[in-house]
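# Coordinate analysis (summary)
These are the residues of each chain, in order.
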Amino acid sequence: MSSASLPLWRQRLFGTPATGIVTVVLAFVLAWVAIPIIRWALIDANWVGTTRADCTAGGACWVFIRARFGQFMYGLYPVDQRWRVDLTGIIFLVSVLGIVFAPQRLRLRAGLAALVVLPPLGIWLLAGGFGLRPVETREWGGLMLTLFISVYSSLIAIPLGIIFALGRQSQLRVIRLISILFIEFWRGVPIIAVIFLASLLLPLILPGGIGIDRLARAVIGLGFVIAAYMAEAVRGGLQALPSGQREAATALGLNYWKATGLIVLPQALRISLPAMTNEFIALVKNTTLVLVVSILDLLGIAQASLADPAWVGMNMEAYAFSGAIYWLICFALSRWSRHLESRRRL
Amino acid sequence: MRMRILGATVLLAASASLASAQQLTPSPTLDAVKARGNLECGVHLGLPGFSFANDKGEWTGLDVDYCRALAAAVLGDAKKVKYTPTSVQQRWPILQSGQVDVLARNSTITFSRNASLGLNFQGINFYEGQTFLVRKSTNAKTAADLDGASVCVAAGSTEEKNASDWFRERNLKVTITNFQKNDDAIAAYDAGRCDAYTAGVGALAGQRVKLKVPDEHIILTQPISNDPQGPVTRWGDERWQLIVRWVLNGTIAAEMLGVTSANVDEMKANSKNSEVRRLLGAEGDFGAMMGLPNDWMYNAIKQVGNYGESFDRSVGAGSTLKLERGQNQLWTKGGLLFTPPFQ
C-alpha cells in the first residue's frame, strides 16, 4: 500500500518516521501543558456560590468572577444606570453592522452620518447631563472603559492619521514638514510617557480653573500616538497606489480634493486596511497602559479587585478572565480584517 | 485712671478681634470642599484592608474610613467623598496639583518627602514596619526569638537587606534563603522550607489570608523597621491642615475616651468628662475655631466610628485580615497610637 492512499491527515502527521516522531512528541508536550490547565479551568473549577468559602474543589474559583462580573464589565458605574452602557454598545454595534451591510451607494453617506452623530451620542449616554443623571468618568471602568478608550482614541487617530499621511505627500513644503514633525514626534515618544504627561503635567501647567477630564486627557494622548502610526499605515497604502491613478483623475479634470476623495483614498485605505487593523489591535492592548494613571480599565479593575480581602489570592482567575476577553476582542478584530481583505480581492 | 481702663478695654477688644481674625484665616480648600459639596480624597488603587472597592463597588478600608470621617466632620455626611485611586507614581503630583484635597494612601512619612515635596504629613493612622510571619508552633514572639531559624525572602529586596542587617547587628544566626520573587518566597514558606517570611505588617496581613491554613500563622507585632503612614496635605492653607490633623486626632481621642458610634449620643448628652464634652461639641466652641460646626467630631464618630472601630472592621479582628493592633494600639495600652489632648 503506497502512502498516497492513506487519508490526508495520516499522510501529514505520520507520512515518514521522522514526522511520526515529531507528531508524537508534540502531542505529549501539548497534553503535558494543556491537561493541567483544563483541569484547573474546567474540571476542578468552582462555578456556584457567592463567597470565597464556596471554592473548595481546588481548581479555579470562577465564583469570584461571577461576584465581580458587573465590575469587570462596567467598573464602578452606578448599577441602576448600566443600561445606558448597554444601550450605547448596542447602538454602536447596530450602526457598524448597518453600514457594513448597507447598499454600496448609501454606505458612504451612512458612514459619515454615523461619524457625526454617534460619538456625541455615546458621550451623552455614558456621561449623562441634559436629562440623564451625570456619571463621572472616574466611575467608568472595566470592559466598557477599554472599549470606550479604544473606539474614541481611534476616532481621533484615523482622521488625523489620514490627514497627516496626505500631508506627508503634499507638494507644499510647510505642510509636509509639519506632518513629518507630528508623525515623528508622536511615534518617537513612548505611549506610557504620553499618558503620564497628559495626566500629571497638564494639570500642573494649566491654570487652576481649567480642569480637562482625566479620561479625556488619556484618550487624546493615546489618540495622537496612534494617529502617527495610522498615518504611516495609510502612507503605505498611498505609496502602493500606482501614480497613474491620480494622473488619470487629474486628466479627467478632477481637482486635488476630488481626486483624493474619490479615487486615491478609497483605494489606498483598502490597501492599508490590514495595517490599520493591526494598529487598532495594538491600541486595544495599549489601553491597559492607562493603569499607570489609575484609570480602571479591564485590567485595572481586575487588579483592583484582587485587593478585596474577601477575595485575596484570586490572581490567576482575574488575569485569566481579563486575558481571555482581550484575546477574544483582538481575535475577532483580526478575523474581521481578514474577511474584509478577502472581499477586496474579489 | 479712666483713660487707662478705656485704653485697656480697647486693647482687649482689639486683641480679641485679632484672635478671632486669626481663628478664621481664609481656607481656600475648605471653601472649595463646601462649595462643591464633597471631599476629594486620594486613595490607593487597591490594598487589602486599607482601600479597595468591594463587590458592591463601595470603597472600604482603614484609609477610606479616614476620608469618610473627614467628610463627616466637614460636610456632616460621611458619604460625601469622591475617591481618586492613585498609582504610586501619580500620588504626589495629584495632591500637589490640587486634584485632591487630602491623600490617605499608605504613604510613609519621611523627612525628605516632608522637606522637598511641598507636602505635610498630618499624623499617623498606621504604624507600618517590616516584621515576620511565623508558624504559631514555633512559639516566637519577637524577631529576636528567630535565632537559628531560616527566613524566606525575595533576593535583592529592601526586606532582604533590612532583615540580614538587623540579625547581623544582634549576632543572631539566621539563615536567609533567597528566592527570585516574593510569590516564590511566600510559597516556599507555606511549603515549610523556612521558618519565617518577612514583609511589612500590612502586606503580611494580606499574604497570610492566602496561605493554606491562615490560622496556623502569626505576624510578629514588633517590627524591625519604622514606616509610619498618615494623611497628607499640600503646603499652605494652615486651617485646612489643622482640620485634617485634628479629625485624625479626634478619632484616636474618641477611642481613648471610650466614645464609639454606638454610645456617642449617650456620651454627648450625659458624659461628665469635659474632654468628651469638648470633643463632641457639648462644651466649648472647638469646631467653630476651625470654621466647622461644633458637632464635627460627633458626626465623624456617629457615622464612621472611632479609630479602634475602623481598625477592627477593616484590618483587625472583625475583618478577614485579623491583624493584631500591635503598635497601632493606644499608647495607654502598650501601642504607639497617640493624640494630644482636646483642651
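Cut-offs applied
Residues numbered from 1 in each chain as written. Chains lettered and ligands numbered in written order. Predicted model: local features only at pLDDT ≥ 70, side-chain atom pairs only at ≥ 80, totals over all residues. Helix = DSSP H or I, 4+ residues; strand = E, 2+ residues; numbered from the N terminus. Buried ≥ 20, exposed ≤ 12 C-beta atoms within 10 Å, placed from the backbone. Contact = placed C-beta atoms within 7 Å. Domains from an automatic or database assignment. Core = buried A, V, L, I, M, F, W, Y, C linked by C-beta atoms within 7 Å. Nonpolar A, V, L, I, M, F, W, Y, C, P; charged D, E, K, R; others polar. UniProt positions renumbered as here; feature names shortened; annotations may be inferred. Pairing = 2+ DSSP bridges. Axes fitted to C-alpha atoms, helices over the stretch in contact; angles between N-to-C directions. Left-handed = near helix turned anticlockwise from the far one by under 90°. Right-handed = clockwise from strand over helix to strand, strands pointing away.

### What to know about the overall build of chain B
Along the backbone of chain B there are 14 helices and 14 strands. In chain B, which comprises 343 residues, the proportion classed as buried is 47%. Counting only contacts in chain B whose residues sit at least 6 apart along the sequence, the fraction spanning at least 24 positions is 70%.

### Remarks on the domain arrangement of chain A
Each assigned domain of chain A is listed here: domain 1 (3-43), domain 2 (79-128) and domain 3 (135-345). For domain 1 of chain A versus domain 2 of chain A, the distance between C-alpha centres works out to 46 Å.

### Digging into the nonpolar core
Counting 162 residues, the largest nonpolar core has Met230 of chain A together with Cys67, Leu70, Ala73 and Tyr197 of chain B as the members making the most contacts within it. Of the residues forming this core, the biggest block, 15 residues, is contributed by helix H9 (residues 214-240) of chain A. Residue contacts for Leu70 of chain B: discarding those within four places in its chain leaves Leu39, Val102, Val244 and Val247 of chain B.

### Notes on unusual backbone geometry
Residue and element names in this part refer to chain B. The backbone of Asn139 shows a phi angle near 60 degrees, a positive value even though the residue is not glycine. By the secondary structure assignment, Asn139 is in the loop between strand E8 (130-135) and strand E9 (150-154). Of note in the backbone geometry, Asp237 takes a positive phi value of approximately 55 degrees without being a glycine. Structurally, Asp237 is set in the loop between strand E14 (232-234) and helix H9 (238-256).

### Observations concerning the interface of chain B and chain A
Counting residues at the interface gives 26 residues for chain B, matched by 23 residues for chain A. Counting residues per element, the ones that place at least two in the side of chain B that touches chain A are strand E2 (52-53), strand E4 (81-86) and helix H8 (201-210) of chain B. The residue inventory of the side of chain B that touches chain A, partitioned by class, reads nine nonpolar, 15 polar and two charged.

### Some words on the UniProt feature "domain: Solute-binding protein family 3/N-terminal" (unreviewed entry) in chain B
The positions UniProt marks with the feature "domain: Solute-binding protein family 3/N-terminal" (unreviewed entry) are residues 38-267 of chain B. Across residues 38-267 of chain B, the secondary structure splits into 35% helix and 23% strand, with the terminal C-alpha atoms separated by 28 Å.

### Quick look at the UniProt feature "transmembrane region" (unreviewed entry) in chain A
Residue and element names in this part refer to chain A. Here the UniProt-annotated "transmembrane region" (unreviewed entry) positions come out as residues 21-42, 83-103, 110-132, 144-167, 188-206, 218-238, 280-306 and 318-336. End C-alpha atoms of residues 188-206 are separated by 24 Å, and the span's content is 84% helix alongside 0% strand. With 100% helix and 0% strand, the stretch residues 318-336 has end C-alpha atoms that lie 27 Å from each other.

### Observations regarding the environment of Asp227 of chain B
All names here are of chain B. Tracing the backbone shows Asp227 in strand E13 (residues 227-229). Given 18 C-beta atoms within 10 Å, Asp227 falls into the partly exposed group. C-alpha of Asp227 to C-alpha of Phe126: the two residues are 101 residues apart in sequence and 8.8 Å apart in space. Among residues more than four places away in sequence, those in contact with Asp227 are Thr108, Glu128, Gly129 and Gly200.

### What to know about the domain arrangement of chain B
Interfaces are often sized by the amount of accessible area the parts lose when they come together. Residues and elements named next belong to chain B. Split by domain assignment, chain B resolves into domain 1 (28-126 + 228-333) and domain 2 (130-225). A straight line from the C-alpha centre of domain 1 to that of domain 2 covers 31 Å. Tallied by class, the residues present in the side of domain 1 that touches domain 2 amount to five nonpolar, five polar and one charged.

### A look at the sheet that holds strand E12 (residues 217-219) of chain B
Residues and elements named next belong to chain B. Strand order in the open sheet formed by five strands is E10-E9-E11-E8-E12, and the pairing between neighbours is mixed. Looking along the sheet, the strands with just one partner apiece sit at the ends: strand E10 (175-179) and E12. Ignoring which end each strand starts from, the neighbouring axes of this sheet average 30 degrees apart. Two elements, E8 and E12, share three bridges in a ladder whose sense is antiparallel. Directly across from Arg135, in E12, lies its bridge partner His217. Contacts from helix H7 (residues 182-190) reach E9, E10 and strand E11 (196-200), with the element oriented near 155 degrees to E9. Here H8 sits on the sheet and contacts E8, E11 and E12; the angle it forms with E11, its principal contact strand, is near 130 degrees.

### Brief notes about the environment of Met144 of chain A
Residue and element names in this part refer to chain A. Secondary-structure assignment places Met144 in helix H6 (residues 142-168). Met144 sits in the buried class, given 23 other C-beta atoms within 10 Å. Taking the C-alpha atoms as reference points, Met144 and Leu298, separated by 154 residues in sequence, lie 7.9 Å from one another. Apart from residues lying up to four places away in sequence, Met144 is in contact with Met73, Tyr74, Gly75, Tyr77 and Val85.

### Topic: the pairing of E4 of chain B
Residues and elements named next belong to chain B. Taken across its six residues, E4 has five buried, putting it largely inside the fold. Relative to E4, strand E1 (residues 39-44) is paired through six bridges, and the arrangement is parallel. When the bridges of E4 are listed, Cys41 appears paired with Tyr83.

### Regarding the packing of helix H8 (residues 191-205) of chain A against H9 of chain A
Residue and element names in this part refer to chain A. Look at H8 against H9: their axes get within 9 Å of each other, and the N-to-C directions meet at 145 degrees. Pair H8 / H9 crosses with right-handed handedness. For the pair formed by H8 and H9, the contact residues are Ile191, Val194, Ile195, Ala198, Ser199 and Leu202 on the first element and Arg214, Arg217, Ala218, Ile220, Gly221, Leu222 and Val225 on the second. Of the residues belonging to the contact of H8 with H9, the class tally is nine nonpolar, two polar and two charged.

### Observations concerning the pairing of E10 of chain B
All names here are of chain B. Pairing geometry for E9 and E10, over five bridges, is parallel. Pairing of Val153 across the sheet is with Asn178, part of E10. Between the parallel elements E9 and E10, the chain passes through helix H6 (residues 158-169) in a crossover that is right-handed.

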